Amino acid sequence: MATKNIFSKHLPNVKLATRFDADGNEIQVEKREDEEQKRKEQDIIDTLVGAGYYRAHIQGLSSFDKIVGGMTWCIEACDYDVNVDLLFHENLTIGQKIALTEKIVGVLPRMKCPFLIEPHQIQGLDFINIFPVVQWLVKRSVENRSKKADTLRKLAATQFQNHFTLESDRELQRLRLKQLAYLQAIESKYLPKRQFKQRKAAGGGWIPVRPKDATDQEISDGVRSLDDGTETGAEDEEEDEEDATVSTEKELNFDVLFKMITKEHNIPVELTDADQLKLSKRYDDIKQKISSDVVENVSERNRVKSQLALKLALEKKLELALGECAQLRITVQEEERELQEASDRKETLEEEIRNLDNLEITENNQKILDHVKELVLKNERMKKQETQFKDNCKKELAELQQKIEKAETSTPDEDMVELQRQLDMELERLKSLRLQLAKKNRSYVAIKRQLDTVPDRTELAQYQRRFLELYNQVSAKHRETKQFYTLYNTLDDTKLYLEKEMSLLNSIYDNYANAMQTPHSREQFVQQFETIVEGIRATKAKLKKKCDDEKAKRDGLNAQLLCLVEQQRKYAATVKQLTMECQRNETLMQHLKVLKAAHASTQQQ
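Being a predicted model, the structure only gives us computed values, none of them experimental.

Conventions used here
Residues numbered from 1 in each chain as written. Predicted model: local features only at pLDDT ≥ 70, side-chain atom pairs only at ≥ 80, totals over all residues. Heavy atoms only, no water. Helix = DSSP H or I, 4+ residues; strand = E, 2+ residues; numbered from the N terminus. Buried < 20%, exposed > 50% of the residue type's maximum accessible area, 1.4 Å probe, protein only. Contact = heavy atoms within 4.5 Å. Areas by Shrake-Rupley, 256 points an atom, 1.4 Å probe, with all protein chains shown as cover. Core = buried A, V, L, I, M, F, W, Y, C linked by side-chain atoms within 4.5 Å. Phe/Tyr/Trp six-rings, centres within 6.5 Å; stacked < 30°, edge-to-face > 60°. Axes fitted to C-alpha atoms, helices over the stretch in contact; angles between N-to-C directions. Left-handed = near helix turned anticlockwise from the far one by under 90°. Nonpolar A, V, L, I, M, F, W, Y, C, P; charged D, E, K, R; others polar. Patch = residues over 30% accessible without salt bridge, like charges linked within 9 Å, V, L, I, M, F, W, Y side chains within 5 Å. Salt bridge = Lys/Arg side-chain N within 4 Å of Asp/Glu carboxyl O. Lys, Arg positive; Asp, Glu negative; His and termini not counted. Charge placed at Lys NZ, Arg CZ, Asp CG, Glu CD. Polar contact = N/O pair within 3.5 Å; in protein donor to acceptor, adjacent residues only side chain to side chain. Expected span 1.5 Å × (residues − 1).

**Looking at the overall build of the protein chain**
A tally of helices and strands in the protein chain yields 13 helices and four strands. The buried share of the protein chain, taken over its 605 residues, is 13%. Of the contacts made within the protein chain by residues no fewer than 6 positions apart, 49% connect residues no fewer than 24 positions apart. Within the structure as shown, the protein chain displays about 51500 Å² of accessible surface, and the carbon and sulfur contribution to it stands at 57%.

**Concerning the nonpolar core**
Ranked by size, the top nonpolar core spans 32 residues in total, and within it I44, L48, M71, I75, I122 and L137 carry the most contacts. Elements represented by at least two residues in this core include exactly α1 (35-51), α2 (63-77), α3 (94-107) and α5 (127-163). It is α5 that contributes the most residues to this core, eight residues altogether. Setting aside residues no more than four positions away along its own chain, M71 makes contact with I104, I122, V133, V134 and L137.

**With respect to the packing of aromatic side chains**
All chains considered together, the criterion is met by three aromatic pairs. An angle of 40° between the planes, with centres 5.7 Å apart, marks the rings of Y53 and W73 as tilted. You can see Y53 sitting in the loop between α1 and α2 and its partner W73 sitting in helix α2, a full 20 residues away along the chain. The exposure class of Y53 is buried, given its relative accessible area of 8%.

**Points about unusual backbone geometry**
We note that K112 has phi near 60°; this positive angle belongs to a residue other than glycine. Summarising the element assignment, K112 is placed in the loop between α3 and α4 (119-123). Judged by its relative accessible area of 72%, K112 falls in the exposed class.

**Some thoughts on the packing of α2 against α5**
At their nearest, the axes of α2 and α5 sit 8 Å apart, and the two run at 35° to each other. In this structure, α2 crosses over α5, and the sense of that crossing is left-handed. On α5, the residues that touch S63, I67, M71, W73, C74, I75 and A77 of α2 are F127, I130, V133, V134, L137, V138, S141, N144, R145 and K148. For the contact of α2 with α5, the class distribution of residues is twelve nonpolar, three polar and two charged.

**As for a negative patch on the surface**
Negative charge collects at one region of the surface, where E334, E335, E338, E341, D344, E347 and E350 lie side by side. If you trace the backbone, E350 turns up in helix α9 (residues 273-358). Residue class for E350 comes out partly exposed when judged on its relative accessible area of 34%.

**What to know about a nonpolar patch on the surface**
On the surface, a cluster of nonpolar side chains totalling about 390 Å² of accessible area is made up of Y463, F467, L470 and V474. Within the secondary structure, F467 sits in helix α12 (residues 457-515).

**Here we look at the side chain of E41**
You can see E41 is positioned in helix α1. For the buried E41, no salt bridge exists, and the shortest N-O distance to an oppositely charged side chain is 6.2 Å, to K66. Of note is the side chain of E41, whose polar atom sits 2.4 Å from the side chain of S63. With residues up to four places along the chain from it excluded, the contact list for E41 reads S63 and F127.

**Looking at the pattern of salt bridges**
On inspection of all chains with the given rule, the structure shows eleven salt bridges. The salt bridge involving E171 is made with R174; its shortest N-O contact spans 2.5 Å. Of this pair, E171 and R174 both sit in helix α6 (residues 167-189), three residues apart, which is roughly one turn of that helix. For the salt bridge of R569 with E566, the shortest nitrogen-to-oxygen distance reads 2.1 Å. Taken together, the residues span about one helical turn, with R569 and E566 both in helix α13 (residues 519-604) at a distance of three residues. Each of E167, R170, E171 and R174 takes part in one network of salt bridges that share partners.

**Brief notes about α1**
Look at α1: 24 Å from first C-alpha to last across 17 residues, which is about the 24 Å you get at 1.5 Å a residue. Backbone geometry just downstream of α1 places G52 in the positive-phi region, at approximately 120°.

By themselves these figures say nothing about function.
Take a look at the structure:
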């Protein structure tokens, strides 16, 4: 297959565009159309217009002026200075455009732009690489303008609050002053009055005392409350003393009790030893009787207490048993409910299984079944891999345990020898790996150098774009030079004819006086003059014929150009139709393959 020349002059997506040279003369150059470039150009213009640069909507401006103006506007909105004047310098030359874009590209690093771009890319309208830079500039300018707007808004609010006050604020301030005056008046009218004050008591502590200006009713109420508190405290003290006396009497011996009784009843203590002995015996008998009765009472009381304690314990056990029974009943109910739910679920699943068994195996069900089988096989493989992984982990664990045991049993000298041996082995391995890495790097660099020598599609597109720009520039310069040569030749011919006319007029003027002296010379002069006129007429006819030939040639070339343009249009339409037919053919082929596969599957079933 013959390779396509991408640098050919006539391409299906190339059209002629009108431009002007440095002198303002109209020239026709080639302009390559690219859908992606056009889309990016429209995205850039929409982005600039959305950011507020409405100059990009002007139809009379070129794409270069719109984009450079938008970038300059964004940079100045970010508070960075760019020495660029775009208002009265449109349709610049290539050198002026590159000088202009160099100023813009020089500002981008100071703004810490994350995207790199070259001046010739902006001048060449490489919209794919210009779009991220414009997008970043627009985002940065919008953020900066929002910050400025917030700062100005805060400053305006501060200045307004410092110099102006709203009527509602004044009314609110007057209302607050009025309310404050009312509150002060009420507080001064209803001052707090003290009813009690603290006074130190004689026995220590503090007691409340009414002031002198208190009423008699308030004093009587306070005294009554104090008296009630005193009586209650006295009764409590008497009960405590009686309990202490009883407990003390239980602990006294007979002698002390006898002395207390005699002292209390004023009985004389002058008794003989026999009387004392009788009294002691009598006291012992009484004490034994009292002790036996007391022991019986105590035993009976202890028995009752033990029965009560047993009753309380049994009641507590009964309460616990009842609580456990209630909990067990709740648990049983929950278990029964869960059992009922499980049985219902089981019946539902059995019903679904029966439905699935009764369901006919269609193509979709077969696919689902195959997918389920694949998942089951995948699950089994994963289980096998899991078991293998566990076995490997157990082996590694055993090896590590052996290494640990070996490390624990080995001596430092043996460890040093082993470590040195391992270090030597690792160094040798590192050396071999470095050699292999060096070989790989050399081969990689060689392959990369070979790949770099072959340009890719992006580089070819850039080369094509640059060659087209160079061709446009050369064609413009060639047309300009050709026009200069044509102008020079025309002026030279005009000069030659003017010189001939001047020489002819001079000769006529010089010979006119001599020719008019005699009739013979006059006749001869007229004949010469007629000869000159005939020569001029012949020259004029010749030039007119030459002009007609050139016009006919021009008309023929224009007709040929129109035929070529028509052929190009037909070629583009034919290519488009061929592409659509190819896509349709591919769609039909895919549909045919699907039908064949479906037919084969039906035959297999």
